[in-house]
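# Fold and geometry: a report
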Amino acid sequence: MSRQHNKVNGIMKQNKNVAPLLLQKSTQHKFNTIRSKMPHSSHPEHEHIKTKLDDLVCQFKNEDICIKKYNHGLDQLMKQLNTEKK
């Protein structure tokens, strides 16, 4: 039992900083949704949302923010995009 316990602890340590798979899929889906909803115009509000999205992606890729903050930022951009269309 001690060996198995050590193996489990080793695996848990290795996976401690790994983002949950469902959260990764969710953020990718949100990103794709935002990009597909973005109109291909140069309206100032659209440019503002595109800039915010680019900044958010850059921060996440540079590991300046965690996946939870990235996900929350994508939620905010989706809300902005949805309220703008109404």
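Going by the structure above, here's the rest.
Below is a short write-up of the structure. Predicted, not measured: the structure shown is a model, and the values here were computed from it. (Residues numbered from 1 in each chain as written. Predicted model: local features only at pLDDT ≥ 70, side-chain atom pairs only at ≥ 80, totals over all residues. Heavy atoms only, no water.)

## Examining the environment of I67
We apply this condition: Strands are runs of DSSP state E lasting at least 2 residues, helices are runs of H or I lasting at least 4, and numbering of each runs from the N terminus.
Relative to the assigned elements, I67 resides in helix α4 (residues 67–85). Sequence separation of I67 and Q24 is 43 residues, and the distance between their C-alpha atoms is 7.6 Å.

## Structural notes on the packing of helix α2 (residues 21–37) against helix α3 (residues 44–61)
We apply this condition: Structural elements are reduced to axes, namely lines fitted to C-alpha atoms, with helices fitted over the stretch in contact, and the angle between N-to-C directions of any two is expressed from 0 to 180 degrees. Relative orientations are named as follows: roughly parallel for angles under 35 degrees, roughly antiparallel for angles over 145 degrees, roughly perpendicular for angles from 65 to 115 degrees, and oblique for any other angle. Handedness of a crossing follows from how the near helix is turned relative to the far one, being left-handed for an anticlockwise turn of less than a right angle and right-handed for a clockwise one. Residue contacts follow a heavy-atom distance rule, with two residues in contact if any of their heavy atoms lie within 4.5 Å. Put simply, Ala, Val, Leu, Ile, Met, Phe, Trp, Tyr, Cys and Pro go in the nonpolar bin, Asp, Glu, Lys and Arg in the charged bin, and everything else, Gly too, in the polar bin.
Between α2 and α3, the shortest axis-to-axis distance is 11 Å and the interhelical angle comes to 155°. Our classification of the angle between α2 and α3 gives roughly antiparallel. Judged by the twist between their axes, the crossing of α2 over α3 is left-handed. Contacts between α2 and α3 involve F31, I34 and R35 from the first element and K50, L53, D54 and V57 from the second. Among the residues making up the contact of α2 with α3, the classes are represented as four nonpolar, no polar and three charged.

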